[in-house]
Amino acid sequence: MWSLSKQAGQRSALDSVYTIYSKLQLSQEIHARVGLRRNASGDHLNRSLQPIAQGKNIPTAKTIQNTTRISALPQHFEPNASVDDYLVGTALDEAIAAGQDVSVSWPFADGDVRDYTQAEAIWYAKFLYGPASLIKNVVHRKYILFNQLQRRRVQNESPVILSLFPGLSRGMYERVCQIFFERFNTAGLAIIERPVAQMYAANSLNGVVIDIDEEKTDISPISDGTPLHYPRTTIPLGMQDCQNYLAHLLKANQSVISALSPSESPLDPETLHSTLVDLVRQLCDEGHIKVPSDGETAVVEDDGVTDIAAIVMAGKEKAVIESGMKKKATAKASAAEQARAREIEALDLLTVQFRDHSLTVGKERHRLCEPLFDPTLLNGVPGTTPSQSTTRPLPLQEAVGIAVGQADVDLRQSLWAGLVVTGNLTRHVKGMFCVEVNGTMSLTFSAGIGVALQSRVAPYVVTPDLQTDVQPRYARVLNVPEYYAEFRDTGNGFACFLGSSIAAKIIFNDSGGRNYVSKADYSAKGPHAIIEMTPALL
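Residues numbered from 1 in each chain as written. Predicted model: local features only at pLDDT ≥ 70, side-chain atom pairs only at ≥ 80, totals over all residues. Heavy atoms only, no water.

S.K.: Run through the overall build of the protein chain, naming residues and quoting values.
M.R.: From N to C terminus, the protein chain includes 19 helices and 20 strands. Across the protein chain, the fraction of contacts at a sequence separation of at least 24, relative to all contacts at a separation of at least 6, is 72%. As displayed, the protein chain offers around 23700 Å² of accessible surface, 52% of which is attributable to carbon and sulfur atoms. (Helix = DSSP H or I, 4+ residues; strand = E, 2+ residues; numbered from the N terminus. Contact = heavy atoms within 4.5 Å. Areas by Shrake-Rupley, 256 points an atom, 1.4 Å probe, with all protein chains shown as cover.)

S.K.: How would you explain the packing of helix 5 (residues 194-201) against helix 17 (residues 495-508) if you had to name every residue and give the values?
M.R.: Contact geometry of helix 5 with helix 17 gives a least axis separation of 7 Å together with a crossing angle of 85°. With respect to their mutual orientation, helix 5 and helix 17 come out roughly perpendicular. In this structure, helix 5 uses Arg194, Ala197, Gln198, Tyr200 and Ala201 to contact helix 17, whose residues at the interface are Ala495, Cys496, Leu498, Gly499, Ser500, Ile502 and Ala503. (Axes fitted to C-alpha atoms, helices over the stretch in contact; angles between N-to-C directions. Parallel < 35°, antiparallel > 145°, perpendicular 65-115°, else oblique.)

S.K.: Talk me through the pairing of strand 15 (residues 357-361); I want residue IDs and the actual numbers.
M.R.: For strand 14 (residues 350-354) and strand 15, the ladder comprises five bridges, and the chain directions are antiparallel. What sits directly across from Leu350, in strand 15, is Val361. Count of turn residues in the strand 14/strand 15 antiparallel hairpin: two residues, of which Arg355 carries a positive phi of about 50°. (Pairing = 2+ DSSP bridges.)

S.K.: Go over the sheet that holds strand 4 (residues 87-88), please, and point to the residues and values.
M.R.: Taken in spatial order, the three strands line up as 4-3-5 in an open sheet, and their pairing is antiparallel. Edge positions in the sheet fall to strand 4 and strand 5 (102-105), since each of these pairs with one other strand and no more. With four bridges connecting them, strand 3 (residues 34-37) and strand 5 associate as antiparallel partners. Within strand 5, the residue paired with Leu36 across the bridge is Ser103.

Below, the structure written as structure tokens:
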């Protein structure tokens, strides 16, 4: 949900899992969480027991609009903890793996800063370790910048671009500005709102960003590169709900259940569901889940001629080669083996290795995203967090339709022409790509969740009562362009990272620009300078 990017030569960094790219082509991800050790009595063990200076740990009010679910991720406040007391990244992972008593907190889970000391511990970790970006509660560590890039805090010449959620308070902007200049000695600071960066990555200034998070989905209309706050909305549906739903469906797969919970030693219902959720996460991480959508078409090459240019542009050379080898192997197989291969293909069966078990799952795995479009499917599903609202969560397509409908009439046509579906879910759930050759090979392309959404928003696009030149007539899905080769295999999941990188190159290379705070600006105006240098706040 946060994205931090540093200019390091030709590179800067971006979005929701902290991923770091630098001149050394290094990349690292850590969860945006901190840990504090406890002693036997349950009290926290702090190396520094001095009280934190006034203002270091002041909770700020949540300003995210229409947030209908508070994050279930834990948050612990320790007033006497200092930045150095917190464990971050691999140090925290190792402490948890070793069984140490550690209280874990997620300071960014609600889309705001829950605790500034914890936030500083994460930012300090990633700032010292290199260009980093925090997307969806994942961050980068600091040692890349200071240890591997040989940067020093006293000689830090790296400006930083930080992407934040829209709708946050000006006081929060000023506090962040103060931390980065006074604690990290940054050479310059720019702040860009997350949906704007995601829209930049899709090569557009107008549209609607649908950001699917772990626990919720943010819908942010963008016009001329400026977020429209009044129609922005959030629905309490996210990747977590989809995973719980698919885990619930897998309980009907007897082969899976008999392997994971044999009759001689059955698992209790809660443990079984948790195990199935882990299986779903593995299926997602390995890219075995697709999104069925209307209007998918197959392009069949005539006379066995394959469009090599299109395949290379899409970065699918390996898929074509592997498919061709598979067809040759099938041609040499016996009739029985060919029949079994056709059966597996028709049933879309997949065998995976999971916790020393060989499990076979079928087409039901492609139903992962159904709750986004029909929340009623979550009724009775274990593990789903009920909304705090008394009303049922809106389906994604309806929420998008309402958000666009709240915008000015003359803006709706441009908004519908740029639907950008992003978030961590889009990194794992992608479009389909199948290849057949010489009469049996075809190319099938699908944009995954974006196409599935596009086919469902059609009833909301056309307004019968509005017969003017600005009447929207269609919805178009935008994606990260394929010429960004490094992002071909990540869908739109790193759109915020890419968009922030693009903005950083423009902002920090314009010496006469007024879109970032320099050290001179901070010395003259203090933290308030960020308000004047952030276009979205003017």
